[in-house]
Amino acid sequence: MKPGDKVICINDKIDPEKSEEIRRDFEIWITRDKEYTIREILDNNGIVTGVLLDEVHNFPKFFKLINRFQEPAFAQWRFRKLNYASQPAEAISEVEELVEQLEQEKQHVKVK
């Protein structure tokens with residue numbers, strides 16, 4: 001995953017033990033099966049890779065664990081990359097090629 005990639009949320013569940021902490025840190029939470037665009041990827045000092053999303057903006061908070069202020073990031077494992085969005089020009093080109101190939105096959109069949 002990288003900034004600009006389209007992803008889909010595959011897990012929006014909140015562990016009951018962390019519910020209070022999550023509600024305090026995130027004004028806006030993600031929704032399962034909704035598509036998002038990665039705005040930034042945060043290493044979080046190697047603790048857990050997090051992603052910021054174009055469609056969701058939360059206020060920065062101070063996190064003791066990483067000893068800095070930052071916008072709360074969603075764990076990367078909560079998302080799956082959507083392959084069609086990574087290179088739309090190539091996908092369109094492939095579709096156009098298939099359509100052209102089908103047209104040629106249709107014409108070939110008509111000639112017989």
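Residues numbered from 1 in each chain as written. Predicted model: local features only at pLDDT ≥ 70, side-chain atom pairs only at ≥ 80, totals over all residues. Heavy atoms only, no water.

**Section: the overall build of the protein**
Across its full length, the protein holds two helices and seven strands. Going from N to C terminus, the protein has its helices and strands arranged as β-α-β-β-β-β-β-β-α. With 112 residues in all, the protein has 29% of them scored as buried. Taking all contacts inside the protein whose residues are at least 6 apart in sequence as the whole, residues at least 24 apart take part in 56%. Of the roughly 8,200 Å² of accessible surface on the protein, a fraction of 53% belongs to carbon and sulfur atoms. (Helix = DSSP H or I, 4+ residues; strand = E, 2+ residues; numbered from the N terminus. Buried < 20%, exposed > 50% of the residue type's maximum accessible area, 1.4 Å probe, protein only. Contact = heavy atoms within 4.5 Å. Areas by Shrake-Rupley, 256 points an atom, 1.4 Å probe, with all protein chains shown as cover.)

**What about the sheet that holds strand 1 (residues 6-9)?**
The five strands are arranged 6-3-2-1-7 in an open sheet whose pairing can be described as antiparallel. Pairing within the sheet leaves two strands with one partner each, and these edge strands are strand 6 (74-75) and strand 7 (79-81). Sheet topology note: the strand 1/strand 7 ladder contains three bridges and is antiparallel. What sits directly across from Cys9, in strand 7, is Phe79. (Pairing = 2+ DSSP bridges.)

**Focus: the pattern of salt bridges**
Following the criterion strictly, the structure yields five salt bridges and no others. Between Lys2 and Asp5 there is a salt bridge, with the nearest N and O atoms lying 3.1 Å from each other. Between Lys81 and Asp5 there is a salt bridge, with its nearest N and O atoms 3.6 Å apart. Of this pair, Lys81 sits in strand 7 while Asp5 is found in the segment before strand 1, placing the two residues 76 residues apart along the sequence. (Salt bridge = Lys/Arg side-chain N within 4 Å of Asp/Glu carboxyl O.)

**A closer look at the pairing of strand 1**
In this structure, strand 1 lies alongside strand 2 (residues 35-42), joined through three bridges in antiparallel fashion. Looking at strand 2, one finds that Lys6 is bridged to Thr37.

**A closer look at the nonpolar core**
Counting 13 residues, the largest nonpolar core has Ile30, Tyr36, Leu53, Phe74 and Phe79 as the members making the most contacts within it. Mapped onto this core, the elements with two or more residues apiece are strand 1, strand 2 and strand 3 (50-53). (Core = buried A, V, L, I, M, F, W, Y, C linked by side-chain atoms within 4.5 Å.)

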